Amino acid sequence: MKYAKITGTGSYLPKQVFTNADWEKRVNTSDAWIVERTGIKSRHIASENETATMMGANAALNALNMANVNAKDIQLVIVATGTPDKIFPATACLIQKQLQIPTCIAFDIQAACSGFVYALSIADQYIKSGVIKRALIIGTEVMSRLIDWQDRNTCVLFGDGAGACVLEASDSPGILSTHLYADGNYNDILYVDMPSGKEPCYIHMQGQKVFKLAVAKLGELVKDTLQFHNIKSEDIDWLVPHQANIRIIKATADKLKLPMEKVICTVEAHSNTSSASIPLALDIGIRDGRIKKGQTLLLEAIGGGMTWGSALVKY
Ligand code: UT7
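A few words on the overall build of the protein chain. A count of helical and extended segments in the protein chain gives 10 helices and 13 strands. Against the compact-globule benchmark of 20 Å for 315 residues, the protein chain has a radius of gyration of 18 Å, which places it among compact chains. Each of the three principal axes of the protein chain carries a C-alpha extent, and together these read 55 × 45 × 40 Å. Counting all 315 residues of the protein chain, 55% fall into the buried class. Intrachain contacts of the protein chain at a sequence separation of at least 6 include 76% that bridge at least 24 residues. Accessible area of the protein chain: about 13600 Å², with a carbon and sulfur share of 51%. One way to put it: in the protein chain the 32 positive side-chain charges average out to a point 4 Å from where the 31 negative ones average out.

Below you can see the structure in the form of structure tokens.
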């Protein structure tokens, strides 16, 4: 049986760091409130030239280098983003051009904060079925261009960045399973309207509703994922969650009875980077040596749609 295996990861964070103290100067908020309610202390904010394409391409280059894969051998590029540089062409095509990847399959997907898990799942199907051998999966977001800089309910929560993975066909286990869900009945608790040219478009969120749904759905999701494989929490080496709020992350870890020492957390320094948050956390955990070859990782995310999903991965 063929598996899709993660053979390289990479990330890119904008140069500018924006702390809670910087937000205190702009809106009626406090470092104490942000840290207590979210666990966030700072976030990276993109400059004008740090676009979804630029950040995604840089993250992808780092992933290709780690995998020791030449860009010309990539057969599929999937970019998960809610903040593309253009409505079309897809950011995937712009990154393909930048990295000089020859003619291949390239497209963007939109599943908000669950985008990376969705992209991973799609690429997994392409590789497992033998259609392709090598894929590049990228989550890249310029959330700072979607926030209302006057709205303290949302502006302090989001940041910019990109993460990427190279996936290659392998005979040894890689992605063990992915589990994707969506329920459009919740479309109005977290959304951004289509630009009409008349009014600016911002993130709208009913924070408490999203919070409660996230805790409930992610709790079910991680338990179901373990049950699907008939494995226990002890079999998980690392939980690599979407980084929206430390309280949601802790609630999911609690559900699994997993100590926080086994959770890769970047929310404090990155805040919520939507579809970039999981590949960013994965890359950091791998590069600092915590995540080792052969370990079992549980990835999970929830976001606008509402969409949610998990992946069980042998690294
Ligand atoms: O990526 C997936 C999508 N996003 C999420 O998963 C986020 C889910 N939601 C959350 O993380 C939390 O609901 C928030 C962090 C957004 C809010 O935390 P909360 O504990 O649910 O607070 P709240 O919305 O109930 O607001 C409590 C109070 C309100 O004041 P009053 O009405 O009690 O006087 C807010 O106006 O906190 C106020 N508040 C703030 N105060 C200082 C809201 N934002 C701020 C702020 N600074 N930035």
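On to helix H5 (residues 115–128), then. In this model, H5 (14 residues) spans 20 Å end to end at C-alpha, consistent with the 20 Å of a helix rising 1.5 Å per residue. Of all 14 residues in H5, 10 are buried, a share of seventy percent or more. Every buried residue belonging to H5 is among Gly115, Phe116, Val117, Tyr118, Ala119, Leu120, Ser121, Ala123, Asp124 and Ile127, and all of these are buried. Positive backbone phi, at 85°, marks Gly130, one or two positions downstream of H5.

Glancing now at the site of the ligand. The immediate surroundings of the ligand are formed by 23 residues, with Thr29, Arg37, Gln208, Asn245 and Asn272 found nearest. Gln208 is positioned such that a nitrogen or oxygen atom in its side chain is 2.5 Å from an oxygen atom of the ligand. The set of elements that each furnish at least two residues to the shell around the ligand consists of helix H2 (31–38), helix H6 (152–155), helix H7 (207–229) and helix H8 (246–255). Counting residues per element, the shell around the ligand draws most heavily on H7, at 4 residues. A per-class count over the shell around the ligand returns 11 nonpolar, 9 polar and 3 charged. Inspection of the shell around the ligand shows a minimum of three residues originating in each of domain 1 (3–170) and domain 2 (175–314).

In this section: the packing of helix H3 (residues 52–67) against helix H4 (residues 91–98). Each packed pair of helices is defined by two parameters, the angle between the axes and the distance between the axes. Where H3 contacts H4, the axes come no closer than 9 Å and their chain directions differ by 55°. Judged by the inter-axis angle, H3 sits oblique to H4. In this structure, H3 meets H4 at a crossing whose hand is right-handed. Residues Ala52, Thr53, Met54, Gly56 and Ala57 of H3 lie in contact with H4, whose contacting residues are Thr91, Leu94, Ile95 and Gln98. Its residues placed into classes, the contact of H3 with H4 shows 5 nonpolar, 4 polar and no charged.

This part covers the nonpolar core. By size, the foremost hydrophobic cluster in this structure holds 38 residues, and its most contacted members are Trp23, Ile203, Leu239, Leu256, Leu298 and Met306. Broken down by secondary-structure element, the contributors of at least two residues to this core are H7, H8, strand S12 (296–303) and strand S13 (307–314). At 7 residues, H7 tops the list of elements feeding residues into this core. Two domains share this core, each providing at least three of its residues, namely domain 1 (3–170) and domain 2 (175–314). Other than its neighbours up to four places away in sequence, Leu239 contacts Ala253, Leu256, Leu258, Lys262, Val263, Ile264, Leu298 and Glu300. Of all hydrophobic cores here, the second largest spans 34 residues; its members include Ala119, Val240, Leu282 and Leu299.

What follows deals with the sheet that holds strand S7 (residues 160–170). The strand order across the open sheet built from 5 strands is S1-S7-S6-S4-S5, with neighbouring strands paired in mixed fashion. Edge strands, defined here as strands with exactly one partner in the open sheet, are strand S1 (3–12) and strand S5 (105–109). Across the sheet, the axes of successive neighbouring strands diverge by a mean angle of 15°, strand direction being ignored. Direction of pairing for S1 relative to S7: antiparallel, over a ladder of 9 bridges. Bridge pairing in S7 links Gly10 to Ala164. Each of S1, strand S6 (134–142) and S7 touches H3; the most contacted strand, S1, lies at about 125° to it.

So, how was this worked out
Counting starts from 1 at the beginning of each chain's written sequence and moves along it residue by residue. Per-residue local features of the predicted model are confined to residues with pLDDT of at least 70, and side-chain atom pairs are confined, for both listing and counting, to 80 or more; whole-chain, interface and lining totals are unaffected and use all residues. Neither water nor hydrogens contribute to the side-chain values; these are computed over all heavy atoms in the structure. A helix here means a DSSP run of H or I that spans at least four residues, while a strand means a run of E at least two residues long, and both kinds are numbered starting from the N terminus. Both definitions apply: the radius of gyration is a C-alpha atom measure, and the globule rule equals 2.2 Å times residues to the power 0.38. Three exposure classes are used, based on accessible area relative to the maximum for each residue type with a 1.4 Å probe and protein chains only: buried under 20%, partly exposed in between, and exposed over 50%. By definition in these notes, contact holds between two residues if any of their heavy atoms fall within 4.5 Å. A 1.4 Å probe and the Shrake-Rupley method give the accessible areas. Residues count as covered only by the protein chains that appear here. When charges are counted, Lys and Arg are positive and Asp and Glu negative, with His and the chain ends excluded. By convention, the charge on Lys lies at NZ, on Arg at CZ, on Asp at CG and on Glu at CD. How far a helix is expected to stretch is found by multiplying one less than its residue total by 1.5 Å. Residues are labelled near a given molecule or strand when at least one of their non-hydrogen atoms is within 4 Å of it. Here a polar contact means two N or O atoms within 3.5 Å. Within protein one must be a hydrogen donor candidate and the other an acceptor candidate, and residues neighboring in sequence count only if both atoms are side-chain atoms. Side-chain classes are defined by residue name, with Ala, Val, Leu, Ile, Met, Phe, Trp, Tyr, Cys and Pro counting as nonpolar, Asp, Glu, Lys and Arg as charged, and the others, Gly among them, as polar. Domain start and stop positions are those given by an automatic or database domain assignment. Simply put, an axis is a line fit to the C-alpha atoms, just over the touching stretch for a helix, and the angle between two N-to-C directions goes from 0 to 180 degrees. Note that the term roughly parallel is reserved for angles under 35 degrees, roughly antiparallel for angles over 145, roughly perpendicular for angles of 65 to 115, and oblique for everything else. A crossing counts as left-handed when the near helix is turned anticlockwise from the far one by less than a right angle, and as right-handed when that turn is clockwise. Nonpolar cores were defined as sets of buried Ala, Val, Leu, Ile, Met, Phe, Trp, Tyr and Cys residues, with membership established by side-chain atoms within 4.5 Å. Strand pairing follows a simple DSSP-based rule, namely that at least 2 bridges must link the two strands.

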